[in-house]
Every structure is written in C-alpha cells, then in structure tokens.
Amino acid sequence: LPHGQAVAIGMMVAARASELYTGLDPAIRPQLGKLLAKYHLPTTLELDIAQVMEVLLMDKKRTNDGIEYVLLDDIGYPLLRILPPYAIEQALATAL
C-alpha cells in the first residue's frame, strides 16, 4: 500500500477513534471521506485486523500503555492520546 493511501486509511481510522474517545462529531468522518475520495485516495480497505495490530504493536510510538495516536476534538483541534490496543482494534473494525 503506497504511503499516501496508508495515510488516508489512517485518517479514517483516527476519525473513528476520535468519535469513540474524544466525542468528535460523527458527521465529520463522512466529510473526510468525501475529501479523500476527491483526491482519489481510499477510504475503505479490507484488511486482517490481527495482522494490522501485529504491525502496530511494533510501532516506534508504542508505549507500555498503548500507541500514541493523533485524534481530533474537532476539525483543526488535534490532540495526542495513548490508545490501548483494544481501542485501536475497535476503531479499525468500525471505521472501514
């Protein structure tokens, strides 16, 4: 998967995680999807969540408590949160 496409998918997952863990308005994720599609970037992807988690757990941003993720309080208001693996799995399972 090319880097730009992976970033687009990651943005969709981060938006879903933000809905779940920061209260981001659920109407924002479809808007993001439309913007990404406008630039011919993917917004969905069939993937093996267990394999994705295996790779993520080797990420350099990993701590003992989870993985540092950029989430949104709102458009233009990012924040860093350490998400436990189960939270990322939940976002992956429901975002794409």
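The notes below deal with the structure included here. Just so it is clear, the model here is predicted, and its values are computed rather than measured.

Rules and cut-offs
- Residues numbered from 1 in each chain as written.
- Predicted model: local features only at pLDDT ≥ 70, side-chain atom pairs only at ≥ 80, totals over all residues.
- Heavy atoms only, no water.
- Axes fitted to C-alpha atoms, helices over the stretch in contact; angles between N-to-C directions.
- Helix = DSSP H or I, 4+ residues; strand = E, 2+ residues; numbered from the N terminus.
- Parallel < 35°, antiparallel > 145°, perpendicular 65-115°, else oblique.
- Left-handed = near helix turned anticlockwise from the far one by under 90°.
- Contact = heavy atoms within 4.5 Å.
- Nonpolar A, V, L, I, M, F, W, Y, C, P; charged D, E, K, R; others polar.
- Buried < 20%, exposed > 50% of the residue type's maximum accessible area, 1.4 Å probe, protein only.

Attention now goes to the packing of helix H3 (residues 49-56) against helix H4 (residues 85-95). Relative to each other, H3 and H4 sit at 140°, their axes nearing to 11 Å. Considering their axes alone, H3 and H4 lie oblique with respect to each other. Viewed along their axes, H3 and H4 form a crossing whose handedness is right-handed. Facing H3, whose interface residues are Ile49, Val52, Met53 and Leu56, H4 presents Pro85, Ile88, Glu89, Leu92 and Ala93. Residue classes in the contact of H3 with H4 are distributed as eight nonpolar, no polar and one charged.

With that settled, the discussion passes to unusual backbone geometry. Positive phi, normally seen in glycine, also occurs at His40, with a value near 60°. With respect to the helices and strands, His40 occurs in the loop between helix H2 (28-38) and H3. Judged by relative accessible area, which is 73%, His40 ranks as exposed.

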